[in-house]
Amino acid sequence: MGNPLPIRRMLSVLMCFMLAGCASTTLQPTTIPATITPTNSAPPTATFAPTATTVPATPTAQPAVTPSPTPDPDADYVPAMRPGFGGDIALAGNIPRYTLDIWLMPASRVLTGTEHIRYTNRADAPLSDIALRLYPNFPTDVFGKGGDVQMDVTGAAANGQPIAPRYTAHRTAVLLQLPEPLAPGAATTLAISFTASMVPWRDGSWPLPSYYPMLAVRENGAWRLDVTRFADHVYAESAIYAASITAPSSLTIVATGSTIAATPHADGTTTHEVRTGPVREFALTAGTFAHTTANAGNVPVHVYTARGTRLDTAQIAGVAAAALADFDTRFGAYPYAELDIQLLPYEYDGGDEFPGLILLYSGGAVGPGTRYVAAHEVAHQWWYGIVGNDIYRQPWLDEALAQYSGIIYAEDVAGPATASAYWQREVVRRYNGAHADGDLPVGWAITNYPSFNVYYRTVYGKGPVFLRTLREQIGDDAFFSALRQYYQQNRYGIGTTAALERAFEAAARQPLGPLFAQWVGSAAP
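This is a predicted model, so every value here is computed, not measured. (Residues numbered from 1 in each chain as written. Predicted model: local features only at pLDDT ≥ 70, side-chain atom pairs only at ≥ 80, totals over all residues. Heavy atoms only, no water.)

**Let's talk about the overall build of the protein**
Item 1. Summing up its helical and strand segments, the protein has 9 helices and 22 strands in all.
Item 2. Within the protein, the fraction of its 525 residues that count as buried is 59%.
Item 3. Within the protein, contacts between residues separated by at least 24 positions form 73% of all contacts whose residues are at least 6 apart in sequence.
Item 4. Accessible surface, the protein: about 20200 Å² in total, of which carbon and sulfur atoms supply 54%. (Helix = DSSP H or I, 4+ residues; strand = E, 2+ residues; numbered from the N terminus. Buried < 20%, exposed > 50% of the residue type's maximum accessible area, 1.4 Å probe, protein only. Contact = heavy atoms within 4.5 Å. Areas by Shrake-Rupley, 256 points an atom, 1.4 Å probe, with all protein chains shown as cover.)

Take a look at the structure:
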């Protein structure tokens, strides 16, 4: 039974994967299995057909009606935001909006779906095509994960006009040639139908991150279509989602955002209505779960685990809530109404972060390693989720910040002894490896490192050492002021090394270019 998802930002307390054999990142063309045919009824096709309206031959006089207030189109999305942050939805402006309809069919291991994407051309030149990433199609990564499922686009249209999708980038993307160029500032609505195979996790649950065609990032007049066997894959801009997920009623659905309604059907399925605020991507998981809730102020943290795993959800809920509350103060307010975590059994401790949803892996009983990873993954809600970054060319921005944030949590909450133990185990050991690797800059693109192992030791080891060195040089007040400034200025956007350096220089009121050049390398624009 294969693993259904690539283990993206895996923090192992073991070094079993630090092998030279994991170094290859060269891609070979992959064999594509036959198109999947769902056994259940297919979703509606991705076309826009106006509904015919019968007009009476003789108009009938109607009584005067008092105009009612215009309904707020964003009202359904506000429950997904923390009180006081509902206005972020309107302020997000013309970022993409997805309407997803997904059907889960575990018996046949098939997912089908349709999506409508409202997309505005924010570039300064007309667009002739639009690219969508198919992240489930990425090849097997350095951990041996992935490569065992396939997603296909079965139909596409733009403003009601059919488009023939063209696969590219090792079938991890489709290009949609628009019927006519999309002018700067103009919008189009894409309609897509798709199908995918899915594979359960060993505990019987169905983690399904990024399981839909997702807009690629447009940069410098081209679509970013990177493909890698490194563990990190998703590079995306923030968007707003309305999702309807239909699944067997025996399954609990946990997803990015908040569930605002659930409607059972006579055929034994239930449709779950989910809404989000501005988020980096949309993820969901399904299973028969037990769960525990802890609160970080007015934000509930729900921790789920498949019934029978006997993993300690209460312990993780407490750690995650404490970390969220700490980072809320240190970095800036968490804007979403809740945070969900699925705790899964594995060989070692690690995690994958998605906006509002974390997949956390425990190697045996929940222990110090799992607790540290929980804090690290909660920090990714700030560094990757809310403040994005180019995970291919500047991966240190989220990974080194999240790694050091786990130490900050330990200092603030768990106590100095725990913080010291975490620092030695999670940082110093890896930094020693990075030094032996040649003491390379932490700010390189993933393709610049000779192997995944060198990248891992450099970013996860040397990266936090640089941040601690910076903190010691400019002082705590300036250090945390800079992080709050970087967070506020890049919320829901894409942060860069240069933007982070500017934030630190402004807070410290001193030039820091030489220090950044020494540790990070040349700052990218």
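So that's the structure; there's more coming.
**Some details on the pattern of salt bridges**
Item 1. Per the stated rule, a full pass over the model turns up 19 salt bridges.
Item 2. One salt bridge in this structure joins Arg393 and Glu219, with 3.8 Å as the shortest N-O distance. Residue Arg393 is found in the loop between helix H3 (368–379) and helix H4 (396–414), and its partner Glu219 is found in strand E11 (residues 218–219); the two are separated by 174 residues along the sequence.
Item 3. When the shortest N-O distance is used, the salt bridge between Arg224 and Asp390 registers 2.7 Å. (Salt bridge = Lys/Arg side-chain N within 4 Å of Asp/Glu carboxyl O.)

**Some details on the nonpolar core**
Item 1. Counting residues in hydrophobic clusters, the biggest one holds 167 residues, and the most contacted among them are Leu104, Phe282, Trp383, Trp396 and Phe504.
Item 2. Every residue in contact with Trp383, bar those within four places of it in the chain, is listed here: Phe331, Leu397, Asp398, Leu401, Ala402, Ser405, Leu483, Tyr486 and Tyr487. (Core = buried A, V, L, I, M, F, W, Y, C linked by side-chain atoms within 4.5 Å.)

**Observations regarding the packing of aromatic side chains**
Item 1. Per the counting criterion, the structure on display carries 36 aromatic pairs.
Item 2. Judged by centre distance (6.0 Å) and plane angle (35°), the rings of Phe452 and Tyr456 are tilted. With Phe452 and Tyr456 both in helix H6 (residues 452–474) and 4 residues apart, this pair spans about one turn of that helix. Here Phe452 and Tyr456 have matching classes, each one buried. (Phe/Tyr/Trp six-rings, centres within 6.5 Å; stacked < 30°, edge-to-face > 60°.)

**Considerations on unusual backbone geometry**
Item 1. One non-glycine residue, Arg109, lies in positive phi territory at about 55°.
Item 2. Its place among the elements puts Arg109 in the loop between strand E1 (97–105) and strand E2 (110–120).
Item 3. Accessibility expressed as a relative area gives 37% for Arg109, which makes it partly exposed.
Item 4. Phi is positive for Tyr492, close to 65°, though the residue is something other than glycine.

**Re the environment of Leu500**
Item 1. Secondary-structure assignment places Leu500 in helix H8 (residues 497–508).
Item 2. Sequence-wise, Leu500 and Leu397 are 103 residues apart; in three dimensions their C-alpha atoms are separated by 8.5 Å.
Item 3. Ignoring any residue separated from it by four or fewer positions in sequence, one finds Leu500 in contact with Trp396, Leu397, Leu483 and Tyr486.

**Quick look at helix H2 (residues 313–330)**
Item 1. Here H2 spans 25 Å end to end across 18 residues, near enough to the 26 Å set by a 1.5 Å rise per residue.
Item 2. Among the residues of H2, those classed as buried are Thr313, Ile316, Ala317, Val319, Ala320, Ala321, Ala323, Leu324, Asp326, Phe327 and Asp328.
Item 3. Buried residues in H2 make contact with strand E18 (289–296), strand E19 (299–306), strand E20 (339–346), strand E22 (357–363), H3 and H4.
Item 4. In this structure Asp312 caps H2, since a side-chain oxygen of it lies 3.3 Å from the backbone nitrogen of Ala314.
Item 5. Just downstream of H2, Gly332 is the residue with a positive phi angle, here 135°. (Expected span 1.5 Å × (residues − 1). Polar contact = N/O pair within 3.5 Å; in protein donor to acceptor, adjacent residues only side chain to side chain.)

**Points about the side chain of Ser258**
Item 1. For Ser258, the position within the fold is in strand E15 (residues 258–264).
Item 2. Within the structure, the side chain of Ser258 is placed 3.0 Å from the side chain of Glu338, a separation counted as a polar contact.
Item 3. Not counting residues up to four positions away in its chain, the partners in contact with Ser258 are Pro79, Ala80, Glu273, Val274, Arg275, Ala337 and Glu338.

**Section: the packing of H4 against helix H7 (residues 476–489)**
Item 1. At a minimum axis separation of 14 Å, H4 and H7 run at an interaxial angle of 135°. For the element pair H4 / H7, the angle class is oblique. As H4 packs across H7, the resulting crossing turns out to be left-handed. In this structure, H4 uses Leu397, Leu401, Tyr404 and Ile408 to contact H7, whose residues at the interface are Phe479, Phe480, Leu483 and Tyr486.
Item 2. A per-class count over the contact of H4 with H7 returns 8 nonpolar, no polar and no charged. (Axes fitted to C-alpha atoms, helices over the stretch in contact; angles between N-to-C directions. Parallel < 35°, antiparallel > 145°, perpendicular 65-115°, else oblique. Left-handed = near helix turned anticlockwise from the far one by under 90°. Nonpolar A, V, L, I, M, F, W, Y, C, P; charged D, E, K, R; others polar.)

**A word on the sheet that holds E18**
Item 1. Read across the sheet, 5 strands follow the order E18-E19-E20-E22-E21 without closing on themselves; strand pairing throughout is mixed. Edge strands, defined here as strands with exactly one partner in the open sheet, are E18 and strand E21 (350–354). Shown here is a sheet whose adjacent strand axes are inclined to one another by a mean of 20°, direction ignored. (Pairing = 2+ DSSP bridges.)

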